[in-house]
Amino acid sequence: MTSKGNGPGSNGGGGGGGSERTGAETFELKIGLAEMLKGGVIMDVTDAEQAKIAESAGACAVMALERVPADIRRDGGVARMSAVDMIEQIQRSVSIPVMAKVRIGHIAEARVLEAMGVDFIDESEVLTPADDENHIAKHDFRSPFVCGARNLGEALRRIGEGAAMIRTKGEAGSGNIVEAVRHLRSVCGEIRGLQALQSEELMSRARDMGAPYDLVRFVHENGRLPVPNFAAGGIATPPDAALCRQLGAEAIFVGSGIFKSEDPESRARAIVRANTHWDDPAEVMAACRGLASAMEGIEMSTLDESERLANRGW
Amino acid sequence: MPQVGQGAKPRAGVLGIQGAFQKHLEALERAGAEARLVLHKEDLDGLDALVLPGGESTTMAKGLDRLGLYEPIQAWAHAGGRILGTCAGAILLARSCQNHPVRTLGLIDLRAARNAYGSQVDSFTAVADAVAAPGFEAMRCIFIRAPQLETPGPAVEVLLRVDGLPVLARERNVLVSTFHPELGDDLRVHRALLFD
C-alpha cells in the first residue's frame, strides 16, 4: 500500500475524534480498558519507588494512594484523594495504567484526576465519604470509574451511574479474605439466581434489589455483569488470589497485602504468578515457596460495625 | 499457504498470561476455530494459529520470561505458525519497542511506540482510512492506550491505516493490529489469521 509509516518522534497526543465521541462510545472505551486489565493484579502503591517495584513484579496497573488501607485504619482521621504531585511522580515512573482514589461523591476530586489523565478513578469506600447520600454521576466523565460492591444490587446501581468496572469491597486493610469471599459469592450467586427467573419476575426483583431494570434484564439474559468483575479487600497471599479467581473474579486488587508484608518484591511476584495460574495448584504452591511473612490480619469479630469500611456507600 | 482440511476446524491458542484473552477465545470460536489458552510451551503443540492479546505488555513480557516462552514461540512461528498480536500483543511481536521498552519476540519488521496516543482519556474509536487492503474495507477500530507502528521494513504490508498511520500490518504469517478486533463483532481480522 502506501509507503512508510510516520517518522520517529511523532508521538502526538490526543487520538482522533476524541472530543466528538458519543456517550455510548465513551462507555465502550471505558469497558475496553477494564477488559485489558483482566487476568491481572492491580497493586496499591504510595510512591514512585513502590510503583516501579509493582510494575517489575508484573502488576497490570497501580493504584496511587497516600496511605495503604491498613495505615488509614490505624491512623484514623479523614482520608482524602492523594496529593497531585505524588500521583504525577507515579505517572512519570511507570508505563502501566495508573489509577487513583476519590472519596465517594466527591465530584471535584474526580474532575482533578480526570484532568491529570489518570487511567481509572476508584470511587472508594477506603477514603472518607464526601457525600453520604449520592455517588458520582460517572457517565458525565471521560475517565473510567471502578466502584466497590457487596452484592448485585449495589453493583448494578454503580453501573447504572456509569462505573465501567466493579470490584468487591471486601474489608480493605484487614488482611482477611472473608469479606471479599462473601461479596463475590453474593454477586455471583445473585447472578445465577437472576438467570433462573422468568422474564415476568424481573421487574419486581429489580424493585427489591433497588437496581435499574435494564441492567437486571441484561444480567438475566447474559449471566454476567455488563462490565468486568474484579475482587478487592483483604487479599494477602497467593492462594487468596487464586481463591478469588475460582469464585469468579476476573482480576484482583491487592492493597495493603503487598507493601505491608515482610518482602514486598517477592510477595508481589508470587501473587502475580498465583493469579495467572489460579487453576493450577502446582503453580500456586510454587508461588508460595520461600515467601517471608504475610501482613498481620484482623479477625472480623474484633472490628466494630462502625470501623468497617465496606459499610460506606450503599 | 497451509490449507485447513475440509470440515476440520483450525486449532488456535491465545496467550493466557494476562489481558483480553477470553474475548479472543470467543472471537476465534465464532470465526470457526477450536480455541484454547496457552500458558506453557507444550500448549503450542498442534496449534495452527496463536493470538497474543491486548493487555499490559510489561506484565506479559514478565510472564513470557518466567515461563520460558520466548524461544518456543519464536521457533513455532518460524516453522510457519500463524500469529496475531493485538495492541500489547503487537508490541511483543515487533522488532523493537520505544517508550519503556520491553523484550520483544522480533517476529515482524517494525517498531512499536507504546502508549503513543496518550492515556486512557485519549482512547478512541475510528473508521479506518478509505485506502485499505481488499477484504478490510471500512473497518471500525477501537483503540485503547494504543501503540503506533513505526518504520515498517520492506517485507511488511500495511493493510489498514487510520489518519494515515498504520494500524493493521502483515509480514508473511505474522499479523499485528494496534486496535482491538476482539472487542467488536467484526471477525475479519480473526478470519484472516485462521484462513488467509
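Coordinates for the structure precede this section.
Here is a short report on the structure shown in this document.

**Points about the overall build of chain A**
Part 1 of the argument: Within chain A one finds 13 helices and eight strands.
Part 2 of the argument: A compact globule built from 314 residues should have a C-alpha radius of gyration of about 20 Å, and chain A, at 19 Å, falls within 12% of that.
Part 3 of the argument: Expressed along its principal axes, the backbone C-alpha trace of chain A runs to roughly 60 × 55 × 45 Å.
Part 4 of the argument: Considering only intrachain contacts with a sequence separation of at least 6, the fraction spanning at least 24 residues in chain A is 66%.
Part 5 of the argument: In the form shown here, chain A has an accessible surface area of approximately 12200 Å², with 48% of it arising from carbon and sulfur atoms.

**Looking at the overall build of chain B**
Part 1 of the argument: Secondary structure summary: chain B contains five helices and 12 strands in total.
Part 2 of the argument: The globule rule puts the C-alpha radius of gyration for 196 residues at 16 Å, and the 15 Å found for chain B is close to it.
Part 3 of the argument: When each of the 196 residues of chain B is scored for burial, the buried share is 62%.
Part 4 of the argument: When the accessible surface of chain B is split by element, carbon and sulfur atoms take 51% of a total near 7000 Å².

**Describing the packing of helix α1 (residues 21–30) of chain B against helix α5 (residues 188–195) of chain B**
All names here are of chain B.
Part 1 of the argument: One can describe the packing of α1 onto α5 by two numbers: an axis separation of 9 Å at closest approach and a directional angle of 70 degrees. Our classification of the angle between α1 and α5 gives roughly perpendicular. For the crossing formed where α1 meets α5, the hand is right-handed. Note on element contacts: α5 touches α1 through H190, L193 and L194, opposite H24, A27 and L28.

**Considering helix α6 (residues 152–161) of chain A**
Residues and elements named next belong to chain A.
Part 1 of the argument: α6 sits mainly inside the fold: nine of its 10 residues count as buried.
Part 2 of the argument: Buried within α6 are the following residues: L152, G153, E154, A155, L156, R157, R158, I159 and E161.
Part 3 of the argument: For α6, the secondary structure elements touched by its buried residues are β5 (145–149), β6 (165–168), α7 (178–195), α8 (202–209) and α9 (213–222).
Part 4 of the argument: Positive backbone phi, at 120 degrees, marks G162, one or two positions downstream of α6.

**So, the sheet that holds strand β6 (residues 108–113) of chain B**
Sheet strands pair by backbone hydrogen bonding; their relative direction is either parallel or antiparallel.
Residues and elements named next belong to chain B.
Part 1 of the argument: Across the sheet, three strands lie side by side as β5-β6-β9; this open sheet has mixed pairing. Edge positions in the sheet fall to β5 (94–98) and β9 (148–150), since each of these pairs with one other strand and no more. Sheet twist, expressed as the mean angle between neighbouring strand axes with direction ignored, is 30 degrees.
Part 2 of the argument: Relative to β9, β6 runs antiparallel, the two sharing three bridges.

**Overview of the interface of chain B and chain A**
Part 1 of the argument: With 52 residues of chain B at the contact, the number on the chain A side is 49 residues.
Part 2 of the argument: With both chains or domains summed, chain B and chain A bury close to 3900 Å², and 52% of this area falls on carbon and sulfur atoms.
Part 3 of the argument: Taken as a group, R66, Q120 and V121 of chain B account for 15% of the area that chain B buries against chain A, more than any other trio of residues on that side.
Part 4 of the argument: Two residues, D119 of chain A and R145 of chain B, come together in a salt bridge whose shortest N-O distance is 3.2 Å.

**Considering α5 of chain B**
Part 1 of the argument: Listed in full, the buried residues belonging to α5 of chain B are V189, H190, A192, L193 and L194 of chain B.
Part 2 of the argument: Here the buried face of α5 of chain B lies against β1 (11–15), α1, β3 (49–52), β4 (82–86), β11 (165–171) and β12 (174–177) of chain B.

**Things to note about the environment of D109 of chain B**
Residues and elements named next belong to chain B.
Part 1 of the argument: By the secondary structure assignment, D109 is in strand β6.
Part 2 of the argument: Taking relative accessible area as the criterion, D109 reaches 27% and is therefore assigned partly exposed.
Part 3 of the argument: The residues contacting D109, other than those within four sequence positions of it, are R95, T151, P152, G153, P154, V156 and E171.
Part 4 of the argument: Within the structure, D109 has its side chain in polar contact with the side chain of R95 (distance 2.8 Å).

**Considerations on the environment of V62 of chain A**
Part 1 of the argument: Along the polypeptide, V62 of chain A turns up in strand β2 (residues 61–64).
Part 2 of the argument: For the pair V62 of chain A and V94 of chain A, spaced 32 residues apart in sequence, the C-alpha separation works out to 9.0 Å.

**Some words on the sheet that holds strand β1 (residues 41–45) of chain A**
Residues and elements named next belong to chain A.
Part 1 of the argument: The eight strands lie next to each other as β7-β6-β5-β4-β3-β2-β1-β8, forming an open sheet whose pairing is parallel. Strand pairing shows two members of the sheet lacking a second neighbour, β7 (229–230) and β8 (252–254), which therefore form its edges.
Part 2 of the argument: Alignment of β5 against β6, held across four bridges, turns out to be parallel. Bridge pairing in β6 links A149 to T168.
Part 3 of the argument: Helix-sheet contacts for α7 involve β5, β6 and β7, and the interaxial angle to β6 is about 130 degrees.

**What about the packing of aromatic side chains?**
Part 1 of the argument: Applying the stated criterion across every chain, the model contains six aromatic pairs over all chains.
Part 2 of the argument: The interplanar angle of 50 degrees and the centroid separation of 6.2 Å between the aromatic rings of F230 of chain A and F253 of chain A together place this pair among those described as tilted. Of the two residues, F230 of chain A is situated in strand β7 and F253 of chain A in strand β8; the sequence distance between them amounts to 23 residues.
Part 3 of the argument: According to the relative accessible area criterion, F230 of chain A is buried, its value standing at 0%.
Part 4 of the argument: Aromatic side chains F124 of chain B and F143 of chain B sit 4.6 Å apart centroid to centroid with 15 degrees between the ring planes, which places their arrangement in the stacked category. With F124 of chain B in strand β7 (residues 124–127) and F143 of chain B in strand β8 (residues 140–143), the pair connects residues that are 19 residues apart, well separated along the chain.
Part 5 of the argument: With relative accessibility at 2%, the residue F124 of chain B sits in the buried group.
Part 6 of the argument: Ring-pair connections join several aromatic residues into one group, and the members of that group are Y117, F124, F143 and F179 of chain B.
Part 7 of the argument: The ring of Y70 of chain B has R103 of chain B sitting right over it, with the charged end atom 3.8 Å from the ring centre.

**Here we look at unusual backbone geometry**
All names here are of chain B.
Part 1 of the argument: Its identity is not glycine, yet N99 carries a phi of approximately 70 degrees, on the positive side.
Part 2 of the argument: By the secondary structure assignment, N99 is in the loop between β5 and β6.
Part 3 of the argument: Residue classification places N99 among the partly exposed positions, given a relative accessible area of 38%.
Part 4 of the argument: For R172, which is not a glycine, the phi torsion comes out positive at approximately 50 degrees.

The rules we used
Residues numbered from 1 in each chain as written. Chains lettered and ligands numbered in written order. Predicted model: local features only at pLDDT ≥ 70, side-chain atom pairs only at ≥ 80, totals over all residues. Heavy atoms only, no water. Helix = DSSP H or I, 4+ residues; strand = E, 2+ residues; numbered from the N terminus. Rg over C-alpha atoms; globule rule 2.2 N^0.38 Å. Contact = heavy atoms within 4.5 Å. Areas by Shrake-Rupley, 256 points an atom, 1.4 Å probe, with all protein chains shown as cover. Buried < 20%, exposed > 50% of the residue type's maximum accessible area, 1.4 Å probe, protein only. Axes fitted to C-alpha atoms, helices over the stretch in contact; angles between N-to-C directions. Parallel < 35°, antiparallel > 145°, perpendicular 65-115°, else oblique. Left-handed = near helix turned anticlockwise from the far one by under 90°. Pairing = 2+ DSSP bridges. Buried area = accessible area lost by both parts, 1.4 Å probe. Salt bridge = Lys/Arg side-chain N within 4 Å of Asp/Glu carboxyl O. Polar contact = N/O pair within 3.5 Å; in protein donor to acceptor, adjacent residues only side chain to side chain. Phe/Tyr/Trp six-rings, centres within 6.5 Å; stacked < 30°, edge-to-face > 60°. Lys NZ or Arg CZ within 6 Å of the ring centre and 35° of its normal.

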